[in-house]
Amino acid sequence: MIAALDSFLVRAALGGAGVAVAAGPLGCFVVWRRMAYFSDATAHAAILGVALALALDAPIFAGVLLVALAMGAAIATLAGRGAATDTLLGVMAHSGLAAGLVAVSFLPDVRIDLISFLLGDILAVRAVDLALIWGGAAAVLGVLAWRWRALLTATLGSDLAHAAGIDPDRERMVLTLCLALVVAVAIKVVGVLLIGALLIVPAAAARRFARTPEWMAAGAVALGLVAALAGVWLSFRFDTPTGPSIVCVAAALFAAANLFGRPRA
């Protein structure tokens, strides 16, 4: 097993698979709750987390996770005070990315490859990165399994959640925590600009075939795995950027699902 991990392609495939496993079921909630811009805003703030981590000589994973959590909490708080959600998310997404890029410019003594953080650098995934990715995926799956029914009920409506004794704000924060964790582990694989796509596209494609929420989550994981593994292979075969290649495969699966999947009312 250790010898196998010496192959950068094996590490890349395992890294992509780990992100797909975490992003699949979480992406279903992003689709159901129409949180696409929310995931983008959280992901774009990750660059600021990278800059802060480098400035403080801290692990990049920790910096990205903390900033993603802060962004998610800020969005949830402001949205709860009546701010227009689409406008708020647009402002936060672009502001977070711009603030991160400006912060990076103040680190002249630190060499940083911005493209690898924006578009991912999955072929440079190390064994320690795999541990973080799969550890994060296990944590996200554990939380979603634990709160699955409560999250589904809160997704259907706040009134139904209150009637069932569930706090919808608490469940929203649970999703925020999971989303921040996925952003932190996925930045190495697809980059901050494409994390939202890996969350949304497989889940949207699985929706065309699934008849229950559980089947949709399983389908999203399966399609995400196909996209990740095929994207890594195509990137190696044709020398294309790996993160965008993964998303392109996911987009092709979405197109096929819309062509051959059952129509939705």
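Everything discussed here concerns the structure shown above.
Residues numbered from 1 in each chain as written. Predicted model: local features only at pLDDT ≥ 70, side-chain atom pairs only at ≥ 80, totals over all residues. Heavy atoms only, no water.

Visitor: Honestly, the side chain of Thr-242 in this entry has me stumped. Any pointers?
Guide: On the secondary structure map, Thr-242 appears in helix H12 (residues 242-260). You can call Thr-242 buried: its relative accessible area is 9%. Separated by 2.7 Å, the side chains of Thr-242 and Ser-235 make a polar contact. Setting aside anything within four residues of it in sequence, one finds Thr-242 in contact with Ile-122, Leu-123, Gly-231, Val-232 and Ser-235. (Helix = DSSP H or I, 4+ residues; strand = E, 2+ residues; numbered from the N terminus. Buried < 20%, exposed > 50% of the residue type's maximum accessible area, 1.4 Å probe, protein only. Polar contact = N/O pair within 3.5 Å; in protein donor to acceptor, adjacent residues only side chain to side chain. Contact = heavy atoms within 4.5 Å.)

Visitor: Looking at this model, I keep getting lost on unusual backbone geometry. Mind explaining?
Guide: Negative phi characterises most residues that are not glycine, and trans characterises most peptide bonds. The phi torsion at Asp-57 lies on the positive side, around 55°, for a residue other than glycine. You can call Asp-57 exposed: its relative accessible area is 73%. The phi dihedral of Asp-239 falls on the positive side, at around 55°, and the residue is not glycine. Within the secondary structure, Asp-239 sits in the loop between helix H11 (213-238) and H12.

Visitor: Would you take a moment to explain the pattern of salt bridges for this structure?
Guide: Per the stated rule, a full pass over the model turns up five salt bridges. For the salt bridge of Arg-126 with Asp-129, the shortest nitrogen-to-oxygen distance reads 3.3 Å. By relative accessible area, which is 11% here, Asp-129 ends up buried. When the shortest N-O distance is used, the salt bridge between Glu-171 and Arg-147 registers 2.5 Å. In this pair, Glu-171 sits in helix H9 (residues 168-186) while Arg-147 sits in helix H7 (residues 127-156), placing the two residues 24 residues apart along the sequence. Considered together, Glu-171 and Arg-147 belong to a single accessibility category, that of buried residues. (Salt bridge = Lys/Arg side-chain N within 4 Å of Asp/Glu carboxyl O.)

Visitor: So what exactly am I meant to see when it comes to the side chain of Arg-147 here?
Guide: The buried category is assigned to Arg-147, whose relative accessible area is 15%. One polar contact links Arg-147 to Glu-171, side chain to side chain, over a distance of 2.5 Å. Apart from the residues within four sequence positions on either side, Arg-147 is in contact with Arg-170, Glu-171 and Val-174.

Visitor: Honestly, a nonpolar patch on the surface in this entry has me stumped. Any pointers?
Guide: Taken together, the side chains of Phe-8, Leu-123 and Phe-236 define a hydrophobic patch exposed on the protein surface, amounting to about 260 Å² of accessible area. Take Leu-123: it is sitting in the loop between helix H6 (114-119) and H7. Judged by its relative accessible area of 31%, Leu-123 is partly exposed. (Patch = residues over 30% accessible without salt bridge, like charges linked within 9 Å, V, L, I, M, F, W, Y side chains within 5 Å. Areas by Shrake-Rupley, 256 points an atom, 1.4 Å probe, with all protein chains shown as cover.)

Visitor: So what exactly am I meant to see when it comes to the packing of H7 against H11 here?
Guide: Interhelical geometry of H7 versus H11 gives an angle of 115° and a closest axis separation of 12 Å. Between H7 and H11, the angle falls in the class roughly perpendicular. Crossing of H7 over H11 shows right-handed handedness. Each of Trp-148, Arg-149 and Leu-152 in H7 lies in contact with H11, whose residues at this interface are Pro-213, Glu-214 and Ala-217. (Axes fitted to C-alpha atoms, helices over the stretch in contact; angles between N-to-C directions. Parallel < 35°, antiparallel > 145°, perpendicular 65-115°, else oblique. Left-handed = near helix turned anticlockwise from the far one by under 90°.)

Visitor: I would appreciate a short explanation of helix H10 (residues 195-206) in the present structure.
Guide: An α-helical segment advances 3.6 residues per turn. Residues three or four places apart therefore align on the same side. The terminal C-alpha atoms of H10 lie 18 Å apart, and with twelve residues this matches the ideal 16 Å at 1.5 Å per residue to within 8%. With respect to burial, H10 is a largely interior element, ten of its twelve residues being buried. Those residues of H10 not exposed but buried are Ile-195, Gly-196, Leu-198, Leu-199, Val-201, Pro-202, Ala-203, Ala-204, Ala-205 and Ala-206. Where H10 is buried, its residues contact helix H1 (8-32), helix H2 (36-44), H9, H11 and H12. (Expected span 1.5 Å × (residues − 1).)

Visitor: Help me understand the nonpolar core in this model?
Guide: Inside soluble globular proteins, nonpolar side chains tend to come together where they are buried. Core analysis: the biggest nonpolar cluster contains 77 residues, and Leu-26, Phe-29, Ile-75, Leu-144, Val-190, Met-216 and Ile-246 have the highest contact counts within it. Per-element accounting of this core gives the leading share, eleven residues, to H9. The contact partners of Ile-75, leaving out residues within four places of it in the chain, are Phe-38, Ala-41, Leu-88, Leu-89 and Met-92. (Core = buried A, V, L, I, M, F, W, Y, C linked by side-chain atoms within 4.5 Å.)

Visitor: It is not clear to me how the environment of Gly-191 should be interpreted in this structure. Could you clarify?
Guide: Mapped onto the elements, Gly-191 comes out in the loop between H9 and H10. Sequence separation between Gly-191 and Gly-120 is 71 residues, and the spatial gap between their C-alpha atoms is 3.8 Å. Setting aside residues no more than four positions away along its own chain, Gly-191 makes contact with Phe-117, Leu-118, Leu-119, Gly-120 and Ala-186.

Visitor: What should I look at first to understand the packing of aromatic side chains in this one?
Guide: Geometry of an aromatic ring pair is reported as the spacing of the ring centres plus the angle between the planes. In the structure shown here, the tally under the stated rule is three aromatic pairs. Centre to centre, the rings of Phe-29 and Trp-32 are 5.1 Å apart; their planes meet at 85°, and the pair counts as edge-to-face. With a gap of three residues between them, Phe-29 and Trp-32 both fall in helix H1, about one helical turn apart. In this structure Trp-32 comes out as buried when scored by relative accessible area, which is 19%. Ring geometry for Phe-29 against Trp-148: centres 5.2 Å apart, planes inclined by 75°, an arrangement best described as edge-to-face. Of this pair, Phe-29 sits in helix H1 while Trp-148 sits in helix H7, and the two are 119 residues apart along the sequence. With respect to class, Phe-29 is no different from Trp-148; both count as buried. Arg-237 extends its terminal NZ or CZ atom over the ring of Phe-238, reaching a point 5.2 Å from the ring centre. (Phe/Tyr/Trp six-rings, centres within 6.5 Å; stacked < 30°, edge-to-face > 60°. Lys NZ or Arg CZ within 6 Å of the ring centre and 35° of its normal.)

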